[in-house]
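Next come the chains, spelled out residue by residue.
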Amino acid sequence: RLITMVGALPLGGLLLACTLVCDVCNPTSRRERALPQRLARLLTWLPAATAYAAYYLGRYNLAAMNVPAVRALLGLSEVQLGAVIAAGMWSYAVTAPLTGRLVGSLGGWRAMQIGTLGAGVANLSVLAVKALAPPDGGWPLTAGLALSFATNLAFQGFGTAASLSLISAWYAPAERGLFSGIYNVW
């Protein structure tokens, strides 16, 4: 773990440095916006990008659990864990039009805050689900995990729509491609 952390810290610093240079110092941005505006937008979208990265960790932690050793530890079959993953996928798909509409009325920053808080609580609810489930896991655990994961992904929809809102609010059309690339790296 220490080797991973030692390697991750310089890479994270390099990513941050590249972000600063590409977002604040690039010629197109200098032509389009004054330095205080470029710094303000960076301080707006960088926390949002960090939150979005956390969304992905919350999404893929479940897929990473789908290995025999973890399924055995939880007392779940491949089918049961597949049902949990499917519940999240369908929740994300079905709620996308609703979250997109809500982001339009709430604004990107507020929507990102709501999405981050909701997804965080949903991720923490997994602990309660596991504590309340029977020791052998089974379908009660499956149902609880499916509900937690579906709720998690429903709230993550706010982040997806908010990202688009941030792009259009803070970036001129000539800058949006570069910003989208930087945001995707985060």
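Numbering of residues begins from 1 in every chain and follows the order in which that chain's sequence is written. Note on the predicted model: pLDDT of at least 70 is required for a residue's local features to be given, and 80 or more for side-chain atom pairs to be given and counted; whole-chain, interface and lining totals, by contrast, use all residues. The side-chain quantities take in all heavy atoms of the structure and omit both hydrogens and water.

(A) Local environment of the environment of alanine 146. Helix numbering and strand numbering both begin at the N terminus, where a helix is a DSSP run of H or I of at least 4 residues and a strand a DSSP run of E of at least 2. Topologically, alanine 146 is positioned in helix α7 (residues 138-170). A C-alpha to C-alpha distance of 13 Å links alanine 146 and alanine 133, two positions 13 residues apart in sequence. The contact criterion used throughout is that any non-hydrogen atoms of two residues lie within 4.5 Å. In this view, alanine 146 contacts Val84 and Ala87; residues no more than four positions away in its chain are not counted.

(B) View of the layout of surface pockets. Points on a 1 Å grid over protein atoms alone make up a cavity when a 1.4 Å probe fits among them but cannot get out, and a pocket when they form an open set with protein on both sides within 12 Å along at least five of seven lines; lining residues each have an atom within 4 Å of a point. Grid points are joined across faces, edges and corners, and a volume is the space filled by probe spheres set on the points. What the largest pocket holds in volume is close to 260 Å³. If you go around the largest pocket, you meet 16 residues; those closest to its centre are Asn61, Met65, Asn123, Val126 and Leu145. Those elements that provide at least two residues to the lining of the largest pocket are α3 (35-65), α6 (108-132) and α7. Amino acid classes used here: Ala, Val, Leu, Ile, Met, Phe, Trp, Tyr, Cys and Pro are nonpolar; Asp, Glu, Lys and Arg are charged; the rest, including Gly, are polar. Of the residues contributing to the lining of the largest pocket, the split by class is 10 nonpolar, five polar and one charged.

(C) Quick look at the pattern of salt bridges. Any Lys or Arg side-chain nitrogen found within 4 Å of a carboxyl oxygen on Asp or Glu counts as a salt bridge. Taken as a whole and assessed by the stated rule, the structure comprises two salt bridges. Among the salt bridges present, the one from arginine 41 reaches glutamate 175, with a minimum N-O distance of 3.0 Å. Within this pair, whereas arginine 41 is found in helix α3, its partner glutamate 175 is found in the loop between α7 and α8 (176-185), the two being separated by 134 residues in sequence. As far as the burial class goes, arginine 41 and glutamate 175 line up, both buried. Here the term buried applies to any residue with accessible area under 20% of the maximum for its type, exposed to any over 50%, and partly exposed to those in between, with areas from a 1.4 Å probe on protein chains only.

(D) Main features of the environment of alanine 83. Assignment of secondary structure puts alanine 83 in helix α5 (residues 78-106). Residues alanine 83 and alanine 143, 60 residues apart in the sequence, show an inter-C-alpha distance of 8.6 Å.

(E) Broad picture of the nonpolar core. Membership of the largest hydrophobic core comes to 22 residues, with the highest contact counts inside it found for Trp45, Met112, Phe179 and Tyr183. Within the residue set of this core, elements represented by two or more residues are α3, α6, α7 and α8. In terms of residue count, α3 provides more of this core than any other element does, eight residues in total. Those residues in contact with tyrosine 183 that lie beyond four places of it in its chain are Trp45, Ala48, Ala49, Tyr52, Met112 and Ser163. We call a set of buried residues a nonpolar core when its members are Ala, Val, Leu, Ile, Met, Phe, Trp, Tyr or Cys and they connect through side-chain atoms within 4.5 Å of each other. Within the second largest apolar cluster, 12 residues are counted, among which are Val129, Ala133, Leu141 and Leu145.

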